Amino acid sequence: MSGDWAAADTVGAVLERWRRALAGAGVEDAGWESALMYSELSGIRHTELQRAAAAAPEVVARGEQWVARRLRREPLQYIMGHAPFMDFELEVTPEVLIPRPETELLAEDLIRDLPRGGRLLDVGTGSGAIALSVAYARPDVTVLALEISTAALEVAARNRTRYGLDQRVTLRRSDLLAAVEEGERFDFLAANLPYIAEEEYAGLQPEVRDFEPKLALTAPEGGLGLILELARQAPPHLKPGAGLMFEIGWRQGKTLADALRRMGYCDVTVRRDYAGLDRFVRCVR
């Protein structure tokens, strides 16, 4: 099959061969991914690929390597080394979760609702997606971003420097809120923590199960253990009336909402994602 790809002399033929190979391996959106790979490697805009007649041999050769990795179900974002989020192209490695489009809804709420000159606490920052996008859109806001993984913090630090946000986004290694100093108070807390139950892990898509960091995926107590512990630790570090927003699994909304009310949080609401599934729980201190 590699020889067939190498022999293709038009962009259209290469894209079709890649599409068929990926589709045969069960990759969704195989045609879109094939075009994205060729565009990434060639520098030709996605919308202009159909006008490109001759396939560049060096692009085909590298593309074969990428397709082979994708056939093993390695996520395309890890292969390319970056992923889109809000206004960014963030560096991503297997040390961090790939940012999901749904998480942009959380970032949009923060950008809209943080008070003027506010402080955001981002727990489980990973690549820095939430912290950096909020700070970028709101130059008046400062952010403390926490992450337990040293390797993930290194990725977040490179993304922070790339977008010139070193002065307004502080990164700290922390197990939940352990590294938050006494007296530090925040206007909003946001968290995209692990929320997948251990018993659900084996059934995840191979792209997630076999390549994304398990540390960032699973949590005890049916997936809610870390979120509940964070909610218990949070009050001393929140200003009166501060908001909290947690990203959750689609079946966890009512359970978490009820637990937060029992802890004394108010104005607890569940928000849905683009697919109409419960995805966030928001409340007030």
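Report follows, based on the coordinates.

Rules of the game
Residue numbers here run from 1 along each chain, matching the order of that chain's written sequence. Given that this is a predicted model, residues contribute local features only at a pLDDT of at least 70 and side-chain atom pairs are listed and counted only at 80 or more, while totals for whole chains, interfaces and linings are drawn from all residues. To obtain the side-chain values, all non-hydrogen atoms of the structure were used and water was disregarded. Working definition: rings of Phe, Tyr and Trp (its six-membered ring) pair if their centres are within 6.5 Å, and the pair is stacked with planes under 30 degrees apart, edge-to-face with planes over 60 apart, and tilted otherwise. In DSSP terms, a helix is any run of H or I states spanning at least four residues, a strand is any run of E spanning at least two, and both are numbered starting from the N terminus. Categorising residues by exposure relies on relative accessible area from a 1.4 Å probe, with only protein chains included: less than 20% of the type maximum marks a residue as buried, more than 50% marks it as exposed, and the intermediate range marks it as partly exposed. Charges are assigned to positions over rings by a cutoff of 6 Å between ring centre and Lys NZ or Arg CZ, combined with an angular limit of 35 degrees from the ring normal. The definition of a nonpolar core used throughout is a set of buried Ala, Val, Leu, Ile, Met, Phe, Trp, Tyr and Cys residues joined through side-chain atoms within 4.5 Å. Residue contacts are defined here by distance: any two heavy atoms, one from each residue, within 4.5 Å place the two residues in contact. One requirement defines pairing of two strands: DSSP has to find at least two bridges between them.

Before going further, it helps to spend a moment on the packing of aromatic side chains. As enumerated under the stated definition, the model contains four aromatic pairs in all. Ring plane angle 40° and centroid distance 4.2 Å describe the contact between Phe 88 and Tyr 163, whose orientation is recorded as tilted. Of the two residues, Phe 88 sits in strand 2 (residues 88-91) while Tyr 163 sits in the loop between helix 8 (150-162) and strand 5 (169-173), which places them 75 residues apart along the sequence. On the accessibility criterion, Phe 88 (3% relative accessible area) is buried. Taken together, the aromatic side chains of Phe 88, Tyr 136 and Tyr 163 make up a single cluster linked through ring pairs. Stacked on the ring of Tyr 201, the Lys or Arg Lys 214 has its end atom at 4.6 Å from the ring centre.

Let's shift gears to the nonpolar core. Within the largest apolar cluster, 36 residues are counted, with the highest numbers of intra-cluster contacts made by Leu 121, Val 123, Leu 189, Leu 230, Phe 246, Leu 256 and Leu 260. Of all elements in the fold, only strand 3 (119-123), strand 4 (142-147), strand 6 (186-191), helix 10 (225-233), strand 7 (238-247), helix 11 (253-262) and strand 9 (278-284) reach the threshold of two or more residues within this core. In contact with Leu 121, not counting residues within four places along its chain, are Leu 144, Leu 146, Leu 177, Val 180, Phe 186, Phe 188, Leu 189 and Ala 190.

For the rest of this paragraph, the subject is the pairing of strand 4. The buried fraction of strand 4 is high, at five of six residues. Relative to strand 4, strand 3 runs parallel, the two being bridged by five bridges. Along strand 4, the bridge assignment pairs Arg 119 with Thr 142. In this sheet, strand 5 lies alongside strand 4 in parallel orientation, the contact comprising five bridges. Each residue of the ladder has a partner; that of Val 143, found in strand 5, is Val 169.

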